Amino acid sequence: MMKYNAVTPELIAELKNILGDRYVSTDSDKLEMYKTDEEANPKYHHLPEVVVFPENTEQVAAVVRLANKYLVPVTPRGAGTGLAGGAIPVYGGIVLVMDRLDKILEFNEEALYVVAQAGVRTSEIQKEAKKRGLLYAGDPCSSESCQIGGNVSTNAGGNKAIKYGTTRDQVYAVEVVTPEGEIVTIGSRLAKKSTGYALEQLLVGSEGTLGIITQVTLKLKPLATHSLDLLAIFKDVDQALSIPNKIVKAGITPTSMEFMDNNAIQSCARYLKIDLPYANDGGVYVIITVEGFNQDDVDQQTVIVDELCTEGGAAEVLVADEDRIWKARRNFAEAARADSLVYYAEDIVVPVDAISELMKKLPELEKKYGIATTTAAHIGDGNIHVNALKMNIPDDVWDATLNEFHKELYGFVYSLGGRLSGEHGIGSKKIKEMEMFTNPLELKIMRAIKKALDPNGILNPGKIFRSVN
């Protein structure tokens, strides 16, 4: 395991010389703020030794060069909305906060691209695109609070991935500070490219372990002028989960297809203090968004979807209003946290045709291990979010119970051809499971890449796999 040096007064002085006194902090209250991201369980928390707030790419690079000089780890941090511990400073050292890199540098409406610094809120890019009649298609549920650099680092998915893909599919190019403190722009604004390795795609989803993304060039699309959200309510989970393939086979590509089980519906109703249809009557939700560039097209798609859902056993098909149904879906994680401050957010992904098998397995595991769960899913792409809640389980039993639950759950997921994470990443929380379930040769290749790019092991160590140095 790599051994790092402690942050020294000499390093603090050099950091202040680069960034200014105001943007380098060792204040205990400030350090406390950066010991975790969205993770509430204190067993995962680690205090940094210093927090820095660079203003530009050159300052980020200078900080990384100092970290190599003093052999101190650096943990890049966006908005801290991650759910896998990716921004937690496992080995202390420097937390590098991207908040000040918060400018949209260029919006090109004709060529359909936007250039933004890594600290720009995703929702700001979405809103600015919409003003111009354009769409930035990346749409994680945390878009109001998350930053675009964090989205790229974790390859965030979200509600529109079924039609537009994940963040990886929105990226033309990234400006990166390498683990040795050099600055490079990789990728290009091209529709296709076969010129060596696609390094920009390697950086997307690398969780800050291979470079610090400081600027991104993103694709824009024409904004559909008409859309409609439908809520299909089912009493039978199998019937609900048969709908995605039926819709796709009918020649329709929805913008979104989301699922909520009854536990999740009730949880969100409690948290938001609202009435949700069939919450107390065993209902499960399939939320479907269709869109187009004329009303006739949307109407035609709506009729087909309505018919497919009704024929497929839906108890009722309604218009899904933003103030209740979509608000409930977007507050799924917050509702779970209100139910149980300590909970484990799963991010498993399986082939779309295997979702039903997984959903049948979950109640069995819940009963076997006495773990309460709430489940929501991007059922159009097979990404299932299961919140395992620590309710009525003693502290000294929780960890052991959760480990056994995970071992059986993940084993079943991999037997279906699935993986540990569809969009949140591995971070610091799933390292053990990553090593347990990933092909050893795959891990060997990943470690070799990390070692080649980060010889001193200073960049976001303790994420994805154990230290390779």
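As a reminder, the structure under discussion sits directly above these lines.
Quick look at the structure, then. Computed from a prediction, not measured in an experiment: that's the story for all the values here.

Criteria and thresholds
- Residues numbered from 1 in each chain as written.
- Predicted model: local features only at pLDDT ≥ 70, side-chain atom pairs only at ≥ 80, totals over all residues.
- Heavy atoms only, no water.
- Helix = DSSP H or I, 4+ residues; strand = E, 2+ residues; numbered from the N terminus.
- Rg over C-alpha atoms; globule rule 2.2 N^0.38 Å.
- Buried < 20%, exposed > 50% of the residue type's maximum accessible area, 1.4 Å probe, protein only.
- Contact = heavy atoms within 4.5 Å.
- Areas by Shrake-Rupley, 256 points an atom, 1.4 Å probe, with all protein chains shown as cover.
- Lys, Arg positive; Asp, Glu negative; His and termini not counted.
- Charge placed at Lys NZ, Arg CZ, Asp CG, Glu CD.
- Core = buried A, V, L, I, M, F, W, Y, C linked by side-chain atoms within 4.5 Å.
- Pairing = 2+ DSSP bridges.
- Arc of directions from axis to C-beta.

**Description of the overall build of the protein**
Here's step 1: Helix and strand counts for the protein stand at 17 helices and 19 strands.
Here's step 2: On C-alpha atoms alone, the protein measures out to a radius of gyration of 22 Å, which is about the 23 Å that the 2.2 N^0.38 rule sets for 469 residues.
Here's step 3: Within the protein, the fraction of its 469 residues that count as buried is 55%.
Here's step 4: Within the protein, counting contacts between residues at least 6 apart in sequence, those at least 24 apart form 73% of the total.
Here's step 5: Total accessible area on the protein stands at roughly 19,700 Å², and carbon and sulfur atoms take up 50% of it.
Here's step 6: Averaged over its 50 positive side-chain charges, the protein has a centre that lies 4 Å from the centre of its 64 negative ones.

**As for the nonpolar core**
Here's step 1: Of all hydrophobic cores here, the largest spans 54 residues; its most connected members are Phe234, Phe259, Ile288, Ile384 and Leu409.
Here's step 2: Here this core gets seven residues from one element, more than from any other, and that element is helix α15 (residues 395–415).
Here's step 3: Among all residues touching Phe259, those that are not within four sequence positions of it are Val237, Ala240, Leu241, Val284, Tyr285, Val286, Arg329, Met359, Thr375, Ala376, Ala377 and Ile379.
Here's step 4: Counting 28 residues, the second-largest nonpolar core is a separate cluster that includes Val64, Val74, Val177 and Ile458.

**Re the pairing of strand β9 (residues 183–187)**
Here's step 1: Of the strand pairs in this sheet, strand β8 (residues 171–177) and β9 are connected by five bridges, and their pairing is antiparallel. Residue pairing in the sheet places Glu175 in a bridge with Thr185 of β9.

**As for unusual backbone geometry**
Here's step 1: Its identity as a non-glycine residue notwithstanding, Glu207 has a phi of 60°, on the positive side.
Here's step 2: Note that Glu207 resides in the loop between α7 (199–203) and β10 (212–219).
Here's step 3: Glu207 gets classed as buried once you look at its relative accessible area, which sits at 9%.
Here's step 4: Of note in this structure, Lys273 is not a glycine but carries a positive phi near 55°.
Here's step 5: Examined against the element boundaries, Lys273 turns out to sit in the loop between α10 (262–272) and β14 (284–292).

**Side note on the environment of Gly78**
Here's step 1: Along the chain, the position of Gly78 falls in the loop between β3 (74–77) and β4 (94–97).
Here's step 2: Separated by 68 residues in sequence, Gly78 and Cys146 place their C-alpha atoms 7.3 Å apart.
Here's step 3: Non-local contacts of Gly78, meaning those with residues more than four positions away in its chain, are made with Asp99 and Gln147.

**What about helix α13 (residues 332–339)?**
The periodicity of an α-helix, 3.6 residues per turn, causes residues three or four places apart in sequence to face the same way.
Here's step 1: Along α13, the positions that sit buried rather than exposed are Phe332, Ala335 and Ala336. One side of α13 carries all its buried residues, which in axial view fall inside an arc of 100°.

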